[in-house]
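Coordinate analysis (summary)
In case you want the letters, here they are:
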Amino acid sequence: MYILGMESSCDETSAAVLRATDEGFEVLSNIVASQIETHRLYGGVVPEIASRAHIEAVTGVTTEALATAGITLGDLNGIAVTAYPGLIGALLVGVNFGKSLAYANDIPLVAVDHIKAHVAAAYLTEAPPKPPFLALVVSGGHTALFDVVDYTDFRQIGGTRDDAAGEAFDKIGRVIGLPYPGGAALDRLAYEGNAAAIKLPSPALGGDTLDFSFSGLKTAALNYINHCNQQETPVPRADLAASVTAAVVSGIVQKTEQALLQTGYKALVMAGGVAANTHLREALAALATRHGVQFTVPARALCGDNGAMVAAAGYFELLRGNLADVTLNASASDAI
Ligand code: KG4
Ligand code: ZN
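Residues numbered from 1 in each chain as written. Chains lettered and ligands numbered in written order. Predicted model: local features only at pLDDT ≥ 70, side-chain atom pairs only at ≥ 80, totals over all residues. Heavy atoms only, no water.

**Points about the coordination of the zinc ion (ligand 2)**
Coordination of the zinc ion (ligand 2) by the protein comes from His114 (NE2), His118 (NE2) and Asp305 (OD), over a distance range of 2.0 to 2.1 Å. On the primary sequence, the residues serving as donors to the zinc ion (ligand 2) are separated as H-x3-H-x186-D. With histidine 118 in helix H4 (residues 114-120) and aspartate 305 in the loop between strand E10 (294-296) and helix H10 (307-319), this residue pair connects regions lying 187 residues apart in the sequence. Comparing histidine 118 with aspartate 305, the two get one shared label, buried. (Donors = N, O, S within 2.8 Å, 3.2 Å for Na, K, Ca; no water. Helix = DSSP H or I, 4+ residues; strand = E, 2+ residues; numbered from the N terminus. Buried < 20%, exposed > 50% of the residue type's maximum accessible area, 1.4 Å probe, protein only.)

**Observations concerning the pairing of strand E7 (residues 143-150)**
Of all the eight residues making up E7, six are buried; the element is thus mostly covered by neighbouring parts of the structure. Where strand E6 (residues 133-138) meets E7, six bridges bridge the pair, whose relative direction is antiparallel. By the bridge assignment for E7, leucine 134 is matched with aspartate 147. If you look at the hairpin formed by E6 and E7, you'll find four residues sitting between the two strands. When E7 meets strand E8 (residues 153-159), the two strands line up antiparallel, connected through six bridges. Across the sheet, valine 148 pairs through a bridge with phenylalanine 154, a residue of E8. Between E7 and E8, which pair antiparallel one after the other, the connecting turn spans two residues. (Pairing = 2+ DSSP bridges.)

Next up, the structure:
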C-alpha cells in the first residue's frame, strides 16, 4: 500500500511517499521545502508569506516525492493531508491541492490532525510503539500530553495554558540574538552555560493537574535580559540558555512522570519539533528508564514538520475507513 502524505500547516511544504506492508512502514521519499530563511527576515512566521510560498512549492515537492519513490499517481492507495490545526491560509494550500489530486485521479482522501501526525512519526522508528501509550507533543505551537487509546483515538490529559515550549524557546532566543527559530541554536548554546546560574520559574503547574504554563518562564527570562541591559552588563547568553533549558526540561519531566503514574502506561512517545532538543531527549530517556517504560522518540529529522508523519497518521485513518471527500475544509483550531 502506498500513501502520499502532504503537510503545509506552518512554514514547511512537504510531500512524502510511505509504503505500508505487513512488516511495517518504509519511507520511500520525504521532500521538505522549508521557508525558514524567508521568515527569518521578520523574526517569525508571516502567515500571508507562508501561504504564498506553499503555493509556489506544493507542485514541485509532490512531483519530487513521487519521482524519488519511483511511483506514479496511479500507484497510490491514499492521499493524506494535514487539515488542522495550523495557519488557515497555509493549511488550505495543502488541503485544496490534495483534494484536487485525489478527486482527479480517483484516489481515497484522508484528513489528518497535525498533532496526531507528529506522534505517528514514532511509528517510523525501528521498534514502533503500539497503543495504548502516553504521548508528549512538544512543538512551536503545542505542548500537550495525550492518552493515546488507539492509533486514531487520542484523549488530551494535559496541555499548556498559554505559550508552547517551542514558542518560549524561540521568543527568548530572538531577544538574545539567535536566528529564528531559536530552539535549535539555544539547544547548542545551553551546553556552554551554567544551568544553575539564573533562577527561573518552572513551567509545570503545581498539584494534580497535568497542565503547563510557559508564559511566566518567558517573562522572567525577558525581565532578566532587561535588567542586564539597564545595568549595562552583557547578558550571559550561555548561562541563560542553560537555565531556560533546565527549567523547561525539568518542568516537562515532572508532568510527564505524573502522567505516567496516573495512566500506568509502560510506553512513552515524545514528538514534535522540540522533541529534537538533545537535553529533553536525554532527560526523558532517563525518566523512562527509571520507570521501566519503553521510550520512543522519532529521529531528529522526523521531529519537525514533514509529510512522512502525515502519511503514517493517514494510513491508520484509511484503515479505519475515515475518508474525506471534496467538501473537506481546513481548520486553524484543534478540530474540524
Ligand atoms: O513541530 P514544528 O516543526 O512546528 C510546529 O508544529 O510548531 O516545531 C517547531 C519548533 C520551533 O519552535 C523550533 O524552535 C523548535 O521546534 N525546535 C527546537 C529544536 N529544534 C526545533 N526546540 C528546542 N531544541 C531543538 N533542538
Ligand atoms: Zn508541527
